[in-house]
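Reading the structure
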Amino acid sequence: MHNRLQLSASVEREADLRYTPAGIPVLEMWLRHQSRQLQAGLERDVSCEIQAVLIGEGAPRWAGKLTGQCIAVSGFIAQRGLRNPRLVLHIEHVELIKG
Amino acid sequence: MAHPVPLQVAINVPLAMTFSYLTDRPLPVGCRVRVPFRGGEQTGVVVEDPQAVAVPAHKLKTVESCLDEIPPLPADFLELIRFTSQYYRHPIGQTLFAALPGPLRRPQPARWQDERGWRLSIAAQDAEGPPPRQKARHGLWHALAEPLAYLEAKAITPQAPALLKQWLAEGLVERVDAEPRLQVADGPILNDEQAAAVEAVAGSFGGFAPWLLNGITGSGKTEVYLRLIERVLAAGQQVLVLVPEINLTPQLVERFARRFPATPLAALHSGLADGERLAGWLAAWRGSAGIVIGTRLAVFTPLARVGLIIVDEEHDGSFKQQDELRYHARDLAVWRARQAGVPIVLGSATPSLESVANVEAGRYRELRLSQRAHGAAQLPTVRLIDIRRQKLHDGLAEPAIAALRRRVERKELSLVYVNRRGYAPVIACTECGWLSGCPHCSARLVWHVTDRRLHCHHCGHHEAPPRACPDCGNSDLKPLGQGTQRIEEALTGLLPGARILRIDRDTVSRKDAWEEIYRKVLGGEVDVLIGTQMLAKGHDFPALSLVLVLNADGGLYSADFRASERLFAQLSQVAGRAGRADTPGEVLVQTQWPEHPLYQALMAHDVAGYAAQQLAERREACFPPAAFQVAVRADAKTVEEASAFLDAAAALAELPEGVTLAGPAPALMVRLASRERAHLLVEAPQRARLHAFLDDWLPRLAGLQQAHRAVRWSIDVDPQDF
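Rules used throughout
Residues numbered from 1 in each chain as written. Chains lettered and ligands numbered in written order. Predicted model: local features only at pLDDT ≥ 70, side-chain atom pairs only at ≥ 80, totals over all residues. Heavy atoms only, no water. Helix = DSSP H or I, 4+ residues; strand = E, 2+ residues; numbered from the N terminus. Buried < 20%, exposed > 50% of the residue type's maximum accessible area, 1.4 Å probe, protein only. Contact = heavy atoms within 4.5 Å. Rg over C-alpha atoms; globule rule 2.2 N^0.38 Å. Areas by Shrake-Rupley, 256 points an atom, 1.4 Å probe, with all protein chains shown as cover. Lys, Arg positive; Asp, Glu negative; His and termini not counted. Charge placed at Lys NZ, Arg CZ, Asp CG, Glu CD. Buried area = accessible area lost by both parts, 1.4 Å probe. Salt bridge = Lys/Arg side-chain N within 4 Å of Asp/Glu carboxyl O. Polar contact = N/O pair within 3.5 Å; in protein donor to acceptor, adjacent residues only side chain to side chain. Phe/Tyr/Trp six-rings, centres within 6.5 Å; stacked < 30°, edge-to-face > 60°. pLDDT = per-residue confidence, 0-100. Pairing = 2+ DSSP bridges. Axes fitted to C-alpha atoms, helices over the stretch in contact; angles between N-to-C directions. Core = buried A, V, L, I, M, F, W, Y, C linked by side-chain atoms within 4.5 Å. Right-handed = clockwise from strand over helix to strand, strands pointing away. Expected span 1.5 Å × (residues − 1). Arc of directions from axis to C-beta. Parallel < 35°, antiparallel > 145°, perpendicular 65-115°, else oblique. Nonpolar A, V, L, I, M, F, W, Y, C, P; charged D, E, K, R; others polar.

**Let's talk about the overall build of chain A**
Scanning chain A for helices and strands turns up 1 helix and 6 strands. Going from N to C terminus, chain A has its helices and strands arranged as β-β-β-β-α-β-β. Dimensions of chain A, computed from the C-alpha atoms along their principal axes, are close to 50 × 35 × 20 Å. Split into buried and exposed, the 99 residues of chain A put 35% on the buried side. Partitioning the intrachain contacts of chain A with sequence separation of at least 6 by distance along the chain shows that 54% fall at a separation of at least 24.

**Brief notes about the overall build of chain B**
Of the regular secondary structure elements, chain B holds 21 helices and 31 strands. Computed over its C-alpha atoms, the radius of gyration of chain B comes to 28 Å, within 12% of the 27 Å expected for a compact globule of 722 residues. Dimensions along the principal axes, computed over C-alpha positions, put chain B at roughly 85 × 75 × 55 Å. Contacts in chain B between residues at least 24 apart in sequence constitute 75% of all its contacts with a sequence separation of at least 6. Roughly 31800 Å² of accessible area belongs to chain B as shown, and the carbon and sulfur atoms make up 52% of that amount. With 80 positive and 81 negative side-chain charges, chain B shows a spacing of 2 Å between the two charge centroids.

**Description of the interface of chain A and chain B**
Taken together, the contacts link 13 residues of chain A with 15 residues of chain B. Together, the buried faces of chain A and chain B total about 1100 Å²; carbon and sulfur atoms form 56% of this surface. Counting every contact that joins chain A to chain B gives 1 salt bridge. Note that D476 of chain B is salt-bridged to R18 of chain A, the shortest N-O span being 2.8 Å. Our enumeration of links across chain A and chain B arrives at 2 residue pairs in polar contact (both at pLDDT 80 or more).

**Notes on the packing of aromatic side chains**
Residues and elements named next belong to chain B. Applying the stated criterion across every chain yields a total of 15 aromatic pairs over all chains. Seen in terms of ring centroids, F19 and F37 are 5.1 Å apart; in terms of plane orientation they differ by 80°. Their pairing is edge-to-face. Of this pair, F19 sits in strand β2 (residues 19-23) while F37 sits in strand β3 (residues 32-37), and the two are 18 residues apart along the sequence. Exposure remark for F19: the relative accessible area of 12% places this residue in the buried category. Taken together, a centroid distance of 4.6 Å and an interplanar angle of 10° make the contact between F83 and W335 stacked. Linking F83 in helix α1 (residues 75-87) with W335 in helix α12 (residues 329-340), this pair joins segments that are 252 residues apart in sequence. When its relative accessible area of 24% is taken as the criterion, F83 is described as partly exposed.

**Considering the confidence of the model for chain B**
Residues and elements named next belong to chain B. Per-chain confidence: chain B averages 91 in pLDDT, with 98% of residues scoring 70 or above. Mean pLDDT values for the elements of chain B range from 77 in helix α6 (residues 150-156) up to 98 in α12. Taken together, the chains of this predicted complex give a pTM of 0.90 and an interface ipTM of 0.92.

**Brief notes about the sheet that holds strand β4 (residues 40-47) of chain B**
Consider a sheet: its strands pair through backbone hydrogen bonds, and that pairing is either parallel or antiparallel. Residue and element names in this part refer to chain B. Strand order in this open sheet of 5 strands is β2-β1-β4-β3-β5, and the pairing throughout is antiparallel. This sheet does not close on itself; its edge strands, each paired only once, are β2 and β5 (65-66). Examined bridge by bridge, strand β1 (residues 5-11) and β4 share 4 bridges and lie antiparallel to one another. The residue of β4 that forms the bridge with Q8 is V47. Against the sheet, helix α2 (residues 92-99) contacts β1 and β4, and its axis sits at roughly 65° relative to β1.

**Comments concerning the nonpolar core**
Residues and elements named next belong to chain B. Grouped together as the largest cluster of nonpolar side chains are 77 residues, with contacts concentrated most on L73, F77, L96, L242, W281, F300 and W697. Other than its neighbours up to four places away in sequence, W697 contacts V632, A649, A650, L652, A653, L661, L680 and V682. By size, the runner-up hydrophobic cluster in this structure holds 37 residues, among which are L384, Y417, F541 and L571.

**Overview of the pairing of strand β12 (residues 306-312) of chain B**
Residues and elements named next belong to chain B. Judged by how many residues are buried, β12 sits mostly within the fold: 7 of 7 residues are covered. Pairing geometry for strand β9 (residues 238-242) and β12, over 5 bridges, is parallel. Within the sheet, the bridge partner assigned to L240 lies in β12 and is I309. For the crossover that starts at β12, traverses α12 and ends in the parallel strand β13 (residues 343-348), the hand is right-handed.

**Digging into the pattern of salt bridges**
Once their charged atoms are close, side chains differing in charge can pair, the charge on each being opposite to the other. Counted according to the given criterion, the structure contains 47 salt bridges over all chains. In this structure, R36 of chain A and D45 of chain A form a salt bridge, with 2.7 Å as the shortest nitrogen-oxygen distance. Of the residues examined, R36 of chain A reaches a relative accessible area of 47% and is grouped as partly exposed. Across the pair D476 of chain B and K478 of chain B runs a salt bridge, and its minimum N-O distance is 4.0 Å. On the basis of relative accessible area, D476 of chain B is assigned to the buried category, the value being 8%. For K478 of chain B, a relative accessible area of 25% puts it in the partly exposed group. What you see here is one network of salt bridges that share partners, running through R383, R407, R410, E412 and E586 of chain B.

**Points about helix α19 (residues 607-621) of chain B**
Residues lying three or four places apart along an α-helix face the same way, a consequence of the helix completing one turn every 3.6 residues. All names here are of chain B. Here α19 is 15 residues long and its end C-alpha atoms lie 21 Å apart, about the 21 Å a rise of 1.5 Å per residue gives. Among the residues of α19, Y610, A611, Q614, L615 and R618 are the ones counted as buried. What you see down the axis of α19 is that its buried residues fit within an arc of 135°, all on one side. Check the buried side of α19 and you find it contacts α13 (353-360), α17 (563-575) and α18 (597-603). Downstream of α19 by a residue or two, C622 has a phi angle that is positive, lying close to 55°.

**Some details on the sheet that holds β9 of chain B**
All names here are of chain B. The strand order across the open sheet built from 7 strands is β10-β11-β9-β12-β13-β8-β14, with neighbouring strands paired in parallel fashion. Looking at the sheet topology across the chains shown, the edges are occupied by β10 (265-268) and β14 (365-369). Ignoring which end each strand starts from, the neighbouring axes of this sheet average 15° apart. Sheet strands touched by helix α10 (residues 249-259): β9, β10 and β11 (291-294). Its angle to β11, the strand with the most contacts, is close to 165°. Contacting β9, β10 and β11, helix α11 (residues 274-286) runs over the sheet at an angle of about 130° to β10.

**Points about the environment of D24 of chain B**
When you line up the elements, D24 of chain B lands in the loop between β2 and β3. A sequence separation of 12 residues divides D24 of chain B from N12 of chain B, and the C-alpha atoms of the two residues are 23 Å apart.

**What to know about the side chain of Q194 of chain B**
Residues and elements named next belong to chain B. Structurally, Q194 is set in helix α8 (residues 192-202). Given the relative accessible area of 3%, Q194 is considered buried. Q194 has contacts with I189, S219, G220, E223, V224, L369 and A373, leaving out every residue within four places of it along the chain.

**Brief notes about the packing of α17 of chain B against α19 of chain B**
All names here are of chain B. In the contact formed by α17 and α19, the axes pass within 11 Å of each other and the chain directions differ by 170°. The angle between the axes of α17 and α19 places the two elements in the roughly antiparallel class. Here S564, E565 and F568 of α17 come into contact with α19, specifically with V607, Y610, Q614 and R618. Here the contact of α17 with α19 is composed, by residue class, of 3 nonpolar, 2 polar and 2 charged.

Next comes the structure, spelled out in structure tokens:
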């Protein structure tokens with residue numbers, strides 16, 4: 001089953017880096033995306049906010065360096081919790097966008 | 001050679017019988033012997049057993065040897081063992097050996113210690129003695145003109161043992177009988193209620209009289225004990241004091257020793273080395289220890305000249321042993337007081353409903369201490385924080401944090417009570433709902449951040465936390481809920497600069513941990529204590545200004561009918577830590593059920609009212625103390641196997657009028673250490689009727705084991721937990 005999301009966004013806010021009981025680092029953040037997209041042959045404004053999480057060795061590398069930055073990320077989406085249908089982007093790849 | 005005669009021997013085996021042996025010289029009842037048993041060798045004790053089946057002499061083996069240089073175990077001790085074995089339905093041999101100190105269980109001889117004192121010998125009268133500039137030696141030498149007991153000599157100089165040994169070798173001193181003289185250090189002045197309590201109990205000396213000393217926290221119950229002990233010692237008798245917790249023993253021992261510096265004192269608890277416990281046990285038996293203080297097992301200490309028994313914190317659940325010999329030390333203590341014909345004082349700020357009912361029925365007399373002993377000390381104000389409408393920081397409500405902060409600023413001591421050790425009671429996958437469970441128990445694994453492992457608090461299993469959820473693969477597993485370690489971490493962040501000390505079973509495992517804690521607390525080196533129920537019992541920290549209770553709601557709606565009684569006692573005890581001496585105290589309780597009657601009673605300090613209400617509920621439901629219960633517990637690989645045994649047992653019951661049998665029901669925690677557990681519950685409004693039924697029913701169950709080999713089962717008389 002496909003589940004892949006690519007997104008360019010700015011990082012609104014980062015949570016403090018935390019660790020799971022097994023010692024895996026987790027970095028949660030909130031992304032804001034704004035762009036123009038083609039729809040039915042017409043260009044339009046698009047904006048959205050999404051929570052994202054970076055789990056694993058990338059998390060301490062990026063922690064504290066992302067707030068205010070523009071990034072290009074890719075990953076998969078999953079619902080936030082058992083009874084919370086809001087989506088969270090699980091980041092697998094991050095890149096800073098210069099400029 | 002004399003004609004061999006048969007005798008009965010109790011041996012430490014799980015059979016409800018004594019064994020016949022031959023002896024070629026008469027051995028008195030209570031004598032320890034070495035006997036051949038099933039190809040090996042066992043320690044046994046000669047007993048009387050009218051029910052013993054006569055075995056032809058030619059089939060009997062002979063007692064190998066008599067072990068003791070000490071006298072045979074006393075008759076009243078053996079009578080206590082016999083009663084315990086019969087009442088708690090435990091094999092006589094196992095009951096007896098559970099009551100003996102370790103060294104007496106093994107086939108080695110034991111001997112009295114030489115407890116005689118010292119005096120200067122005739123040879124010394126011509127000797128010059130140490131010069132006055134050798135102060136310690138000089139003092140001891142001159143004191144030895146009169147017989148000195150060991151403790152008296154040691155009080156003169158700590159070098160006494162070495163000096164006496166040297167002088168004895170030089171023939172300058174000799175061993176003589178020396179009764180230690182009673183020395184009593186000054187105590188505080190009693191208030192009217194305390195004085196009246198002392199007079200009432202003292203007036204009952206010399207006969208059996210059960211007293212309930214019902215005194216609010218801080219009302220000075222211990223001082224009442226001390227005054228009574230003084231009178232008993234002055235009459236040349238002994239006192240047995242039972243306390244619930246090992247870690248309360250050293251504190252109380254020290255207080256007793258300070259008050260009665262010349263009185264030999266035997267402290268008996270499971271934390272002692274074998275030899276120490278034996279020495280104390282023998283000193284108690286011989287009558288040379290004036291004060292015998294210990295945890296539940298100390299109820300089995302023989303006492304040559306007991307004059308009074310005291311059970312402190314009589315409501316405490318730890319007086320009931322939960323495995324093997326499932327006795328209740330408070331109840332046995334009452335039996336012993338009756339046997340010995342002496343008064344017994346049961347002390348508590350939150351008396352058990354059993355004792356309250358006994359007062360109502362006129363069996364016990366009640367003595368109330370309704371004021372705090374320290375004149376200026378007030379009972380603390382208790383306030384509830386409704387956490388349904390509060391934002392919580394790691395389980396802490398903002399008003400609670402603010403109250404802690406104020407105390408830290410004023411340099412006053414606070415206690416945060418969290419009855420859960422570890423960091424979090426469970427770790428969870430919030431995406432699929434998985435929870436960390438113990439593979440061997442129906443219990444959650446508790447996350448401990450100190451060793452970074454998940455621990456089962458029931459069976460001891462521990463494991464590394466999984467890297468990812470075993471069900472869905474999510475690696476973001478989260479600790480849920482708060483234990484002491486998490487509160488410690490949260491408060492370290494919330495109260496910068498505060499000196500925080502966590503006290504739970506993980507931090508006080510070392511022997512001297514309590515001394516260290518006292519030193520720090522009394523030395524003003526601590527701002528906030530975080531602790532489990534360990535901290536709730538009897539510790540007197542004089543400057544406690546705030547007590548904050550977290551996560552207590554669990555006990556409000558438990559399936560165990562005793563849960564609310566226990567919770568109320570626990571909270572009253574912990575609240576009682578606040579506002580002692582001259583610091584007014586405040587108690588804050590975080591709850592989702594502020595309107596619950598338990599909390600309302602706690603706020604009003606209405607111990608008696610709450611007990612009356614609980615007692616009415618118990619009577620309504622025909623639960624103890626309005627009825628008497630016996631549980632037959634069984635465990636096996638599966639709860640079905642255990643229940644099948646219990647079904648078969650229930651089928652053998654011929655229930656008389658008034659006796660009911662319920663179950664099999666699974667235990668509240670079905671699975672424990674890979675065994676699944678269920679029980680039958682037999683109930684009757686009168687104890688005698690219940691036990692008459694057991695006399696008829698239990699012998700029939702012996703045959704069931706054949707068909708249920710994989711089932712372990714036991715009888716629990718007056719069960720406390722399910």
